[in-house]
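# Architecture and fold: a report
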Amino acid sequence: MYIYTSEQIKAADQLAEKRGMSTFSLMENAGCGLYHAICPYLSTNQKLLIASGKGNNGGDGIVLARYLKMAGFEVDLIFPLGEPKTGVAKQHLHYYEQCGFPVEEWNPNQTYDVIVDALLGVGAILPLQESLVEWIKWMKSMKATIISIDVPTGISSNSGVVDQNAIKADYTFSLHGYKPSRFLFPSSHFYGQVEVVDIGLPQKSNWRVWTEKDVQKSWVKRETNAHKGLFGTGLLIAGSHEMPGSAALAASSAMRFGIGKLTVNTTQHASAIIGPIVPEVTFLYHTYEELVRSEWKNRRFTCAAIGPGLDPTDDLEKLVTYLLKQNVPLILDAGAIQSRSYPRGEKPIILTPHPGEFSRLLQLSTKEIQENRIELASEYAVTHHVILILKGEYTVIAFPDGTGYINTTGNASLAKGGSGDALTGMLLASIEGNDCVKAAVLNAVYIHGVCSDEWVRKYSEHTFVSSDFSSLLPMICKSFEKE
Ligand SMILES: NC(=O)C1=CN([C@@H]2O[C@H](COP(=O)(O)OP(=O)(O)OC[C@H]3O[C@@H](n4cnc5c(N)ncnc54)[C@H](O)[C@@H]3O)[C@@H](O)[C@H]2O)[C@@H](O)CC1
Ligand SMILES: [K+]
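It should be emphasised that the depicted structure is a prediction, and the values quoted were computed from it without experimental measurement.

Evaluated as defined, the whole model comprises 12 salt bridges. Close ionic contact of D214 with R208 constitutes a salt bridge, the shortest N to O distance being 3.0 Å. The partner of E371 in a salt bridge is K367, and the shortest N-O contact between them spans 3.0 Å. With E371 and K367 both in helix 12 (residues 366-371), this residue pair falls 4 residues apart, about one helical turn. Relative accessible area serves as the criterion here: at 59%, K367 is assigned to the exposed category. The network of salt bridges with common partners includes K47, E74 and D76.

Right, here's the structure in full:
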């Protein structure tokens, strides 16, 4: 489940060539792999069109056409932009013709059930040429099932940018790995259902998708002689007169997700609301200044989270600066997400902005953030030595060492006040319950999403509320425990 930029794909191609695996063979692997992956979606009574471009994406289309013809499918292969230009695509066209298969002229009066878009892949340069636009308009009018090879024509590989005439695929079969645009916006909505086709290249990338298997492998089972001191003594600085619920949601999720002990620093008013919901927590009622002065030394907290339900003020900033010096895992959310510098310590500092908060941090529009979520999150994490969790559909989790992950769990039911607070609580618990920081962070994000996925399996997505995390977590966590 790796993710590759167009530059990485080209480099992998060149390295394979140098090592003796020719691009001709890779194209054969691609076409053959595509054939096996696409076949289950086709039937021999359908009329198929493969539209190939001049580059190697078009070459993949030629190989696929040969396999489909050999299997008895009714396929027309056409070149709306002219015949192939690259050496390997020409070679494959030669072999295709030697096998006795024809190239057709585009006939706008012919109808098709399935159209395979092998026009542009990772070599696309936007905007689309006028000659292609006319053809795409005809193709869209056909109302056929559209299958794109590698990336839908008209979207960028590396960013979320989309040409106004881009092809919206029903299915996309990506070669070797996902391309970043699969998880960016608005491009991801043009991919349809996506499958990755292996073409025999070694998998190596700093970016990948975190999967159920990853969670299972990294799930920590408690020792039989465990005691509460082993799972963290957390300080949650959250909740205000106006927003007491944020602290309740973060605290209950932290307790449910396994933290040993939790103290909530909040207002007296907020604690009257939090207490009945989470009787397991203890309370502090300090001002930010008082917390800086004494509490840390007296209490020996092993981790902290700050921000849910808090307004960004100068005093809050002073407290964050103080916490950053304590060398404990620190989660900064909501009101605590501000522009500042970070120490290069051993303990993880985790920021959890949504696109609006990240846009304020970077002084970029939300559109620019959404088009380049992966790259921008990674740059920020590396430059500031923090773990950056950029929330939203396909949450991006970027680490200071330049690695990163995409989370694919979760759905629109999470678009509701309080879901971020619950994540903060889960992160606080997770970071103390797993020695592997990456797994701790990724598992919290993954399971947070699974809760909402489980909800929508049974109930309407409109009805999920963040208090539901508490009742869903016991069952969902159980499903990851090894017997
Ligand atoms: N390592 C891999 O993953 C492999 C990838 N292969 C395929 O090779 C593709 C990349 O091939 P290329 O680098 O040849 O690039 P493409 O085939 O994506 O596109 C290049 C061609 O499209 C034309 N073009 C670019 N932008 C255009 C626009 N806006 N309007 C009209 N024409 C435009 C260029 O002039 C060039 O002729 C991949 O997407 C994949 O399908 C496989 O064939 C082999 C191995
Ligand atoms: K394509």
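Let's shift gears to the packing of helix 2 (residues 23-38) against helix 3 (residues 56-70). The contact between helix 2 and helix 3 brings their axes to 8 Å, and the two run at 55 degrees. Taken together, the axes of helix 2 and helix 3 are oblique relative to one another. By crossing handedness, the relation of helix 2 to helix 3 is classed as right-handed. Packed against helix 2, whose contacting residues are T23, M27, E28, A30, G31, C32, L34, Y35 and I38, the element helix 3 presents N56, G59, D60, V63, L64, R66, Y67 and L68 at the interface. Residues of the contact of helix 2 with helix 3, tallied by class, amount to 10 nonpolar, 4 polar and 3 charged.

This part takes up the UniProt feature "binding site: AMP" (unreviewed entry) in the protein chain. The feature "binding site: AMP" (unreviewed entry), as given by UniProt, occupies K391, G392, E393, Y394, T395 and G420 in the numbering adopted here. Tracing the sequence through the fold places K391 in the loop between strand 14 (387-390) and strand 15 (396-398). If near-sequence neighbours (up to four positions away) are discounted, K391 is found in contact with D333, T352, P353, H354, P355, R373, G420 and L423. Mapped onto the fold, Y394 is located in the loop between strand 14 and strand 15. Of the residues examined, Y394 reaches a relative accessible area of 14% and is grouped as buried. Every residue in contact with Y394, bar those within four places of it in the chain, is listed here: R182, F183, F185, S188, R373, I406, N407 and T408.

This part takes up the sheet that holds strand 5 (residues 171-175). Sheet strands associate in pairs through backbone hydrogen bonding, adopting either a parallel or an antiparallel arrangement. The sheet built from 6 strands is open, its strands ordered 2-1-3-4-5-6 with parallel pairing. At either margin of the open sheet sits one strand with a lone partner, and together these are strand 2 (74-78) and strand 6 (193-197). Ignoring which end each strand starts from, the neighbouring axes of this sheet average 20 degrees apart. Direction of pairing for strand 1 (residues 47-52) relative to strand 3 (residues 114-118): parallel, over a ladder of 5 bridges. The residue of strand 3 that forms the bridge with S52 is A118. The strands touched by helix 3 within the sheet are strand 1, strand 2, strand 3, strand 4 (145-149) and strand 5, with strand 1 carrying the most contacts at an inclination of about 155 degrees.

Conventions adopted
Residues numbered from 1 in each chain as written. Chains lettered and ligands numbered in written order. Predicted model: local features only at pLDDT ≥ 70, side-chain atom pairs only at ≥ 80, totals over all residues. Heavy atoms only, no water. Salt bridge = Lys/Arg side-chain N within 4 Å of Asp/Glu carboxyl O. Helix = DSSP H or I, 4+ residues; strand = E, 2+ residues; numbered from the N terminus. Buried < 20%, exposed > 50% of the residue type's maximum accessible area, 1.4 Å probe, protein only. Axes fitted to C-alpha atoms, helices over the stretch in contact; angles between N-to-C directions. Parallel < 35°, antiparallel > 145°, perpendicular 65-115°, else oblique. Left-handed = near helix turned anticlockwise from the far one by under 90°. Contact = heavy atoms within 4.5 Å. Nonpolar A, V, L, I, M, F, W, Y, C, P; charged D, E, K, R; others polar. UniProt positions renumbered as here; feature names shortened; annotations may be inferred. Pairing = 2+ DSSP bridges.

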